[in-house]
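In case you want the letters, here they are:
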Number of protein chains: 2
Amino acid sequence: MEGCEVVILGSGNVATHLARAIDKIYHVVQVYSPTESHAASLANSLRDCNYTDRIEDIYTDADIYIISVSDDSIKSVITSMPEVRGIVAHTSGSVGIETFTGHMKHAGVFYPLQTFSKDADVDIREVPFFLEASDDDTLHSLESLARGLSEKVYHADSKQRQILHIAAVFACNFFNHLLDVSTEILAEKGYSLDVLKPLIYVTAAKALDSGAYDAQTGPAVRGDLNTIYKHLEALEADRKDIYRLISQSIIDRHKIHKKI
Amino acid sequence: MEGCEVVILGSGNVATHLARAIDKIYHVVQVYSPTESHAASLANSLRDCNYTDRIEDIYTDADIYIISVSDDSIKSVITSMPEVRGIVAHTSGSVGIETFTGHMKHAGVFYPLQTFSKDADVDIREVPFFLEASDDDTLHSLESLARGLSEKVYHADSKQRQILHIAAVFACNFFNHLLDVSTEILAEKGYSLDVLKPLIYVTAAKALDSGAYDAQTGPAVRGDLNTIYKHLEALEADRKDIYRLISQSIIDRHKIHKKI
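Each value, and the rule that gives it
Residues numbered from 1 in each chain as written. Chains lettered and ligands numbered in written order. Predicted model: local features only at pLDDT ≥ 70, side-chain atom pairs only at ≥ 80, totals over all residues. Heavy atoms only, no water. Helix = DSSP H or I, 4+ residues; strand = E, 2+ residues; numbered from the N terminus. Phe/Tyr/Trp six-rings, centres within 6.5 Å; stacked < 30°, edge-to-face > 60°. Buried < 20%, exposed > 50% of the residue type's maximum accessible area, 1.4 Å probe, protein only. Contact = heavy atoms within 4.5 Å. Buried area = accessible area lost by both parts, 1.4 Å probe. Salt bridge = Lys/Arg side-chain N within 4 Å of Asp/Glu carboxyl O. Polar contact = N/O pair within 3.5 Å; in protein donor to acceptor, adjacent residues only side chain to side chain. Nonpolar A, V, L, I, M, F, W, Y, C, P; charged D, E, K, R; others polar. Pairing = 2+ DSSP bridges. Axes fitted to C-alpha atoms, helices over the stretch in contact; angles between N-to-C directions. Core = buried A, V, L, I, M, F, W, Y, C linked by side-chain atoms within 4.5 Å. Expected span 1.5 Å × (residues − 1). Parallel < 35°, antiparallel > 145°, perpendicular 65-115°, else oblique. Left-handed = near helix turned anticlockwise from the far one by under 90°. Least-squares fit on C-alpha atoms with pLDDT ≥ 70 in both.

Q: I keep staring at the environment of Asp 214 of chain A and nothing clicks. Help me out?
A: Mapped onto the secondary structure, Asp 214 of chain A falls in helix 7 (residues 212-215). Between the C-alpha atoms of Asp 214 of chain A and His 254 of chain A, which are 40 residues apart in sequence, the distance is 9.8 Å.

Q: Whenever I open this one, the packing of aromatic side chains confuses me. Can you help?
A: Note on aromatic pairs: each is described by the distance of the centres and the angle between the planes. Under the defined criterion, the tally for this structure stands at 18 aromatic pairs over all chains. Ring centres of Phe 110 of chain A and Phe 129 of chain A lie 5.1 Å apart, and the angle between their planes is 50°; on these two criteria the pair is classed as tilted. A residue pair is termed long-range when its members are at least 10 positions apart, and Phe 110 of chain A in strand 6 (residues 107-112) and Phe 129 of chain A in strand 7 (residues 129-133) qualify at 19 residues. Side by side, Phe 110 of chain A and Phe 129 of chain A carry an identical accessibility label, which is buried. Connected via pairs of aromatic rings, a cluster forms that spans Tyr 111, Phe 130 and Tyr 154 of chain A together with Tyr 191 of chain B.

Q: Help me understand the interface of chain B and chain A in this model?
A: A common way to state how big an interface is: give the accessible area lost once the parts meet. With 81 residues of chain B at the contact, the number on the chain A side is 81 residues. Of the roughly 7800 Å² buried between chain B and chain A on both sides combined, carbon and sulfur atoms contribute 70%. Linking chain B with chain A are four salt bridges. Between Asp 180 of chain B and Arg 253 of chain A there is a salt bridge; the shortest N-O distance is 2.7 Å. Run the count over chain B and chain A and you get 26 residue pairs in polar contact (both at pLDDT 80 or more). The element that contributes the greatest number of residues to the side of chain B that touches chain A is helix 5 (residues 158-187) of chain B, accounting for 27 residues. For the side of chain B that touches chain A, the per-class residue count stands at 46 nonpolar, 21 polar and 14 charged.

Q: When you look at the sheet that holds strand 3 (residues 50-52) of chain A in this model, what are you seeing that I'm missing?
A: Either a parallel or an antiparallel arrangement is found when strands of a sheet pair, and the pairing is made through backbone hydrogen bonds. Residues and elements named next belong to chain A. Spatially, the eight strands line up as an open sheet ordered 3-2-1-4-5-6-7-8, and their pairing is mixed. Here the strands that pair on one side only, and so sit at the sheet edges, are strand 3 and strand 8 (153-155). The average angle at which neighbouring strand axes cross in this sheet is 25°, direction not considered. Pairing of strand 1 (residues 5-9) with strand 2 (residues 27-32) involves five bridges; the strand directions are parallel. Bridging across to strand 2, Glu 5 finds its partner in His 27. Of the strands in this sheet, strand 1, strand 2, strand 4 (64-67), strand 6 and strand 7 are in contact with helix 1 (residues 13-22), which crosses strand 1 at around 170°.

Q: What am I meant to see in the pattern of salt bridges here?
A: Where charged atoms of side chains with opposite charge meet at close range, the side chains can pair. Under the counting rule described, the total for this entry stands at 28 salt bridges over all chains. Across the pair Arg 85 of chain A and Asp 63 of chain A runs a salt bridge, and its minimum N-O distance is 2.8 Å. Of this pair, Arg 85 of chain A sits in the loop between helix 3 (71-80) and strand 5 (87-90) while Asp 63 of chain A is found in the loop between strand 3 and strand 4, placing the two residues 22 residues apart along the sequence. The class for Asp 63 of chain A is partly exposed, based on a relative accessible area of 25%. Between Asp 61 of chain B and Arg 85 of chain B there is a salt bridge whose closest N-O contact spans 2.8 Å. With Asp 61 of chain B in the loop between strand 3 (50-52) and strand 4 (64-67) and Arg 85 of chain B in the loop between helix 3 (71-80) and strand 5 (87-90), this pair connects stretches of sequence that are 24 residues apart.

Q: Please clarify how the nonpolar core should be interpreted in this entry.
A: Nonpolar side chains tend to gather and get buried jointly when the protein is soluble and globular. Core analysis: the biggest nonpolar cluster contains 125 residues, and Met 81 and Leu 196 of chain A together with Met 81 and Leu 196 of chain B have the highest contact counts within it. Leave out the neighbours within four places in its chain, and Leu 196 of chain A touches Ser 182 and Leu 186 of chain A together with Leu 113, Leu 164, Ala 167, Ala 168 and Ala 171 of chain B.

Q: Just checking my understanding: could you explain the environment of Ser 117 of chain A for this structure?
A: Along the chain, the position of Ser 117 of chain A falls in the loop between strand 6 and strand 7. In this structure, the C-alpha to C-alpha distance between Ser 117 of chain A and Gly 12 of chain A, residues 105 residues apart in sequence, is 9.3 Å. Apart from the residues within four sequence positions on either side, Ser 117 of chain A is in contact with Asn 13 and His 17 of chain A together with Lys 206 of chain B.

Q: Help me understand helix 6 (residues 197-210) of chain B, please; the structure alone is not making it clear to me.
A: One turn of an α-helix holds 3.6 residues; hence residues three or four places apart share an orientation. With 14 residues, helix 6 of chain B extends 20 Å between its outermost C-alpha atoms, agreeing within 8% with the 20 Å of an ideal straight helix rising 1.5 Å per residue. Its buried side turned inward, helix 6 of chain B meets helix 5 (158-187) and helix 6 (197-210) of chain A together with helix 5 and helix 7 (212-215) of chain B. Taken from the residues just after helix 6 of chain B, Gly 211 of chain B is the one with a positive phi, measuring 90°.

Q: Would you explain the packing of helix 6 of chain A against helix 5 of chain B in this entry?
A: Each pair of packed helices can be summarised by the angle the axes make with each other and by the distance between the axes. The geometry of helix 6 of chain A relative to helix 5 of chain B is characterised by a closest axis approach of 10 Å and an angle of 15° between their N-to-C directions. Considered as vectors, helix 6 of chain A and helix 5 of chain B are oriented roughly parallel to each other. Crossing of helix 6 of chain A against helix 5 of chain B: the hand is right-handed. Touching Leu 199, Ile 200, Thr 203, Ala 204 and Ala 207 of chain A of helix 6 of chain A are Ala 168, Ala 171, Cys 172, Phe 175, Asn 176 and Leu 179 of chain B, all from helix 5 of chain B. Of the residues belonging to the contact of helix 6 of chain A with helix 5 of chain B, the class tally is nine nonpolar, two polar and no charged.

Q: Would you take a moment to explain the relation of the copies chain B and chain A for this structure?
A: One copy of the chain maps onto the other through a rotation about an axis plus a displacement along that axis. Structural alignment of chain B on chain A gives an RMSD of 0.0 Å, achieved by rotating through 180° and translating 0.0 Å along the axis. Such a combination of turn and shift is consistent with a two-fold rotation axis. Of the C-alpha atoms belonging to chain B, the one lying closest to the rotation axis is found on Phe 175 of chain B, 2.8 Å away. A share of 100% of interface residues in chain B that are also interface residues in chain A marks the association as one of identical surfaces.

The structure is reproduced here in structure tokens:
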């Protein structure tokens, strides 16, 4: 696979990070984007790579085609691509593999579980990749590519990707909202979220090292209803509801047998 | 204050981390712990430091006394200490300064907002210290000490410490519980929380860098009720309640005008 040729369809954050990483192990021969300047800019940052803004002009003889566009555009890229020799994979966590049915024989999902920003450097070796494919040979090819990029390669069908998404909603989207609530609470007394920075990172590190169940601290897991009631008194609206519900959930999870 | 003499009362995680940090800028002359071996072990890790397990034997002529024991034991340490020349401060976030009233003239609170583990190294310069004192001279002395240890020194009275505590419950204790929920959800499909590690750290970093409000992502802030309903269908019991409540809270916070 050393001389393996790859075409990247897309020029956004995911496409950019993937193209640059893939270019270190395979040969990215072409970038397609409907916006020519975007295609050119990404292609020119790679070793020896052409670009096009016309999807009918993409090379048809490459080994792997990575479609890294917005979820809504995947289908139209698939249907407007010319017939190609190689395998075709999209990078979305929420679009099923059946989107390829009737269009490509060798297709797959090549899903990196990370948010990519244009500027921020990402250590791609730490990014988990979740793969699914139409057949064993295609899975094998996508696996070789993923293992060349990252140390963390997993299989995931649609149901498993849904579970990953739900878990990410709790651990990332909801976590962020808790940080938003904290920011507002702190602002009332003139503090910035920065004062919690060391605590937040230690909380994440401990949960990842020793397991979140064992790492639980705070008034709820101590069964300290006294403190919980004082905090509830100081809170309003949905903050109060969130505080009560999560505290009770911690109490129940740790079998404290108390009711707020 | 270069030759300032400090006595540490306590030998737990906070006492140990503080004693070692203080020993680099002032002179920790004595460690007290009711368990002699603990007092000896901490004192022997310092430059030139005695120890005692008898509270009546603590030096009475030091400049600063740091009481770093469990919340429940602070009062009894205060009442059984001999009269001392220097100022006395405890390190608890949840015990008020009035615990000193009638016992010490120059007293204060010297509260580091971090969880300390015996083994884990902590960059004390990053730890925020929150100070309160009975009088301006005492506050000034505690401030000099804190600024010698950390770049982040703040004032906080009891009300402010309560707000810090509530914010920490949201951003750390509740965050940890979300990680616990995620761990369980992932385990059902054979994944470990590790697969979310890069996402979790990027979420924390983005919220701290650009503000959690602007950093919010996920189905709720997109108003994607379709995905939210699918996720709710896949969830049970209090996980479902937490998902619904926090999603609605995000929707309301971002003025999406939708109802789950």
